[in-house]
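Structural features, examined
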Amino acid sequence: MYRRVLLKISGEALSSTERPVCFEKIEKTALDVKKLHDAGIQVGIVTGGGNIMRGRDAAEQDRSRMDNMGMLATAINALALQDCLIRIGVPTVVMSAVAMNRFCEEFTARGAVQALEDGKVVLFAAGSGCPYFSTDTAASLRALEIQADALLLAKNIDAVYSADPKKDPNAKRYSHLTYQKVLDDRLQATDLTAITLCREQGLPILVFALKEIERVAAGETVGTRIDNVEA
Ligand code: UDP
């Protein structure tokens, strides 16, 4: 059972084919977040922004400027998720890595921990505040700063596989992996910077399908756990 977690929610969990910011999907995601909160777990969330803008898609555009736009996209998602959480009675605060004082608070680790201990879900906007990083890396960073027990990577796939199971029927499903194995086999769990940071600090990662979150909240074994424990 977890006491405090950092949940990473990708932009795709907040969008539909028709709309990049889809409130039906966001309301559903908010209900999933509520399950963790209702289980008495302190929840910090890093929202992705890939449903709106991804800096790495830059072609002739300036990469840093595109990344700044991507970080703004994560803030749009955080505010949308906050709206849905508040409507279903979950107290939340949005904290941004870059100053947006009219919309949300500025991130400090101390302020975030205080809000978590006060029973609020804390939504971390604008990733790390720096270009050339992903929100997975920002999630591992924030997880460490708030001293979370684990980094929860909620995906639309239920675990880490050796290959895409939709394309390869022989893809192996992992219930446990070491950080080293993820790195050696270049498994698609999270990006290199995020996995390296987690490995250095011994922060466990759980990769699972968002729809399984109730089981995660109940402390059941779901998805893939990544840590440094050799099998
Ligand atoms: N981004 C950034 N620095 C960060 C986090 C995010 O520059 O610390 C930018 C980057 O352009 C990224 C975009 O924000 O592509 C959206 O984040 P991400 O692609 O990680 O979102 P997701 O794919 O999880 O929805």
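The structure contained in this document is the topic of the report that follows. Residue positions within a chain follow its written sequence, with the count starting from 1. Owing to the predicted nature of the model, reporting of local features is limited to residues with pLDDT of at least 70; listing and counting of side-chain atom pairs is limited to 80 or more, with chain, interface and lining totals taken over all residues. Side-chain numbers here rest on the full set of heavy atoms in the structure, without hydrogens or water.

**Side note on the environment of Ser64**
Rules: Every helix listed is a DSSP run of H or I at least four residues long, and every strand listed is a run of E at least two residues long, numbered separately from the N terminus. Exposure is judged per residue with a 1.4 Å probe applied to protein chains only, and the accessible area is read against the type maximum: over 50% gives exposed, under 20% gives buried, and values in between give partly exposed. By definition in these notes, contact holds between two residues if any of their heavy atoms fall within 4.5 Å.
Its place among the elements puts Ser64 in helix 2 (residues 63-87). Judged by its relative accessible area of 24%, Ser64 is partly exposed. Through-space distance from the C-alpha of Ser64 to that of Gly129 is 11 Å; in sequence the pair is 65 residues apart. Filtering out sequence-adjacent residues up to four positions away, Ser64 remains in contact with Pro131 and Tyr132.

**Points about the sheet that holds strand 10 (residues 205-209)**
Consider a sheet: its strands pair through backbone hydrogen bonds, and that pairing is either parallel or antiparallel. Cut-off, in case you're wondering: Two strands are said to pair when DSSP picks up at least two bridges between them. What counts as an axis is a line fitted to C-alpha atoms, over the stretch in contact for a helix, and the angles between N-to-C directions run from 0 to 180 degrees.
Strand order in the open sheet made by the nine strands is 4-3-5-2-1-6-10-11-9, with mixed pairing throughout. Here the strands that pair on one side only, and so sit at the sheet edges, are strand 4 (105-106) and strand 9 (176-178). Two elements, strand 2 (residues 42-47) and strand 5 (residues 121-125), share three bridges in a ladder whose sense is parallel. Bridge assignment links Val46 to a residue of strand 5, and that residue is Phe124. Sheet strands touched by helix 1 (residues 23-38): strand 1 (4-9), strand 2, strand 5 and strand 6 (150-155). Its angle to strand 1, the strand with the most contacts, is close to 170°. Seen against the sheet, helix 2 touches strand 1, strand 2, strand 3 (92-96) and strand 5 and runs at an angle of roughly 160° to strand 5.

**Here's the deal with the side chain of Thr178**
We count it as follows: Any N or O atom pair separated by 3.5 Å or less is treated as a polar contact, with the protein-specific requirement of one donor-capable and one acceptor-capable atom, and with residues adjacent in sequence counted only for side-chain atom pairs.
Relative to the helices and strands, Thr178 is located in strand 9. For Thr178, the side chain forms a polar contact with the main-chain nitrogen of Lys181, separated by 3.1 Å. Among residues more than four places away in sequence, those in contact with Thr178 are Ile226, Asp227, Asn228, Val229 and Glu230.

Without other data, these values stay purely geometric and don't point to any function.
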